[in-house]
Amino acid sequence: MIHSAGAILYAGVLGALFSGQAGAACMDPQAAMGQGSLHQSPKLALNAPAARSANSETEDAAHKIVGTWQVAYAAGGTVYGEAFIQWHSDGTEWENVDFPILGGNICLGSWKAVGENRVSRFHVGWLYADGILFGHFTETETDELSRDGNSYRGTNDAKFYKLDGTMFQEVVGTAAATRISP
């Protein structure tokens, strides 16, 4: 009886490993497909952007980007994900996107200023199939901040890799963000 239960458990684990669809953390528009045919943007009770300092128009991107943001990601003109992202003054960032947890929804990266009002980031995350590690993704994104520092828009390119390093998908899209005040 113990051997039978073990065999059933083993078969169940193998089935979970090989039958699930691959889901991607953070940036894959297909990871959110289970949420419905149209992504509904959440209506959040967040504070309006805080007024920036008097010198906000002369601050550079490295100072303007630091803080917490609500970001909408789109591909082909359709929003597929909403995220909270924190940009830190030490050149690191992390993100929590509204994708299913079993596909992965936390990712992180690093960033640098590449102009007066532009930043570039390199972002990474794990890919899961029903909670089982499947691969990883990389994303590059370049964003341009508004003059007042309370919004940004940018373009991104995410590449998805299996555990053996084979790239199996690429998604090129956009980001539009609004600062969340403290």
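Residues numbered from 1 in each chain as written. Predicted model: local features only at pLDDT ≥ 70, side-chain atom pairs only at ≥ 80, totals over all residues. Heavy atoms only, no water.

### A word on the overall build of the chain
Then, number 1: Tallying secondary structure elements over the chain gives 2 helices and 9 strands in all.
Then, number 2: Each of the 182 residues in the chain was classed as buried or not, and the buried ones make up 38%.
Then, number 3: The long-range fraction of contacts in the chain, counting pairs at least 24 apart against all pairs at least 6 apart in sequence, stands at 52%.
Then, number 4: With the model as given, the accessible surface of the chain reaches about 10,200 Å², and the carbon-plus-sulfur share is 59%. (Helix = DSSP H or I, 4+ residues; strand = E, 2+ residues; numbered from the N terminus. Buried < 20%, exposed > 50% of the residue type's maximum accessible area, 1.4 Å probe, protein only. Contact = heavy atoms within 4.5 Å. Areas by Shrake-Rupley, 256 points an atom, 1.4 Å probe, with all protein chains shown as cover.)

### Some details on the packing of aromatic side chains
The geometry of an aromatic ring pair comes down to the distance between the two centres and the angle between the two planes.
Then, number 1: Inspection of the entire model under this criterion finds 8 aromatic pairs.
Then, number 2: Ring-pair connections join several aromatic residues into one group, and the members of that group are Trp69, Trp87, Trp111 and Tyr152. (Phe/Tyr/Trp six-rings, centres within 6.5 Å; stacked < 30°, edge-to-face > 60°.)

### Some words on the pattern of salt bridges
Then, number 1: With the rule as written, the count across this model stands at 6 salt bridges.
Then, number 2: Here Glu141 ties to Arg121 by a salt bridge, and the two come within 3.4 Å at their closest N and O atoms. Linking Glu141 in strand β7 (residues 132-145) with Arg121 in strand β6 (residues 118-129), this pair joins segments that are 20 residues apart in sequence. Here Glu141 matches Arg121 in class, with each residue buried. (Salt bridge = Lys/Arg side-chain N within 4 Å of Asp/Glu carboxyl O.)

### Details of the pairing of strand β4 (residues 92-97)
Then, number 1: Across the two faces of β4 the burial differs, with Glu93, Glu95 and Val97 buried and Thr92, Trp94 and Asn96 not buried at all.
Then, number 2: Here 5 bridges tie strand β3 (residues 78-87) to β4, and the two strands are oriented antiparallel to one another. The residue bridging Ala83 from the neighbouring strand is Val97, located in β4.
Then, number 3: Between β3 and the antiparallel strand that follows it, β4, lie 4 residues; Gly91 among them carries a positive phi value of about 90°.
Then, number 4: In this structure, β4 lies alongside strand β5 (residues 106-115), joined through 5 bridges in antiparallel fashion. (Pairing = 2+ DSSP bridges.)

### Focus: the confidence of the model for the chain
Then, number 1: Here the chain averages 78 in pLDDT, and 68% of its residues register 70 or above.
Then, number 2: Note that residues 1-24 has pLDDT below 50 and, in this model, 20 contacts with residues that lie over four places away or in other chains.
Then, number 3: Counting interchain partners and residues more than four positions distant, the pLDDT-below-50 stretch residues 32-37 has 6 contacts. (pLDDT = per-residue confidence, 0-100.)

### Overview of a nonpolar patch on the surface
Then, number 1: Together, Trp94, Ile106, Leu108, Phe122 and Val124 make up a nonpolar patch on the protein surface, roughly 430 Å² of accessible area in all.
Then, number 2: Broken down by secondary-structure element, the contributors of at least two residues to the nonpolar patch are β5 and β6.
Then, number 3: Within the secondary structure, Val124 sits in strand β6.
Then, number 4: Owing to a relative accessible area of 31%, Val124 belongs among the partly exposed residues under this scheme. (Patch = residues over 30% accessible without salt bridge, like charges linked within 9 Å, V, L, I, M, F, W, Y side chains within 5 Å.)

### Topic: the pairing of β5
Then, number 1: Bridge count between β5 and β6: 7 bridges; the pairing is antiparallel. Following the sheet pairing, Trp111 is matched in β6 by Arg121.
Then, number 2: Hairpin geometry of β5 and β6 is characterised by an intervening segment of 2 residues between the two adjacent antiparallel strands.

### Some words on the side chain of Arg179
Then, number 1: For Arg179, the position within the fold is in strand β9 (residues 167-180).
Then, number 2: Only 3.0 Å separates the side chain of Arg179 from the backbone oxygen of Val66, close enough to count as a polar contact.
Then, number 3: Here the side chain of Arg179 touches Gly149 through a polar contact of 2.8 Å, landing on its backbone oxygen. (Polar contact = N/O pair within 3.5 Å; in protein donor to acceptor, adjacent residues only side chain to side chain.)

### Comments concerning the environment of Arg153
Then, number 1: Position of Arg153 relative to the elements: it lies in strand β8 (residues 151-162).
Then, number 2: Sequence separation between Arg153 and Ala176 is 23 residues, and the spatial gap between their C-alpha atoms is 4.5 Å.
Then, number 3: Setting aside residues no more than four positions away along its own chain, Arg153 makes contact with Thr142, Asp143, Glu144, Ala175 and Ala176.

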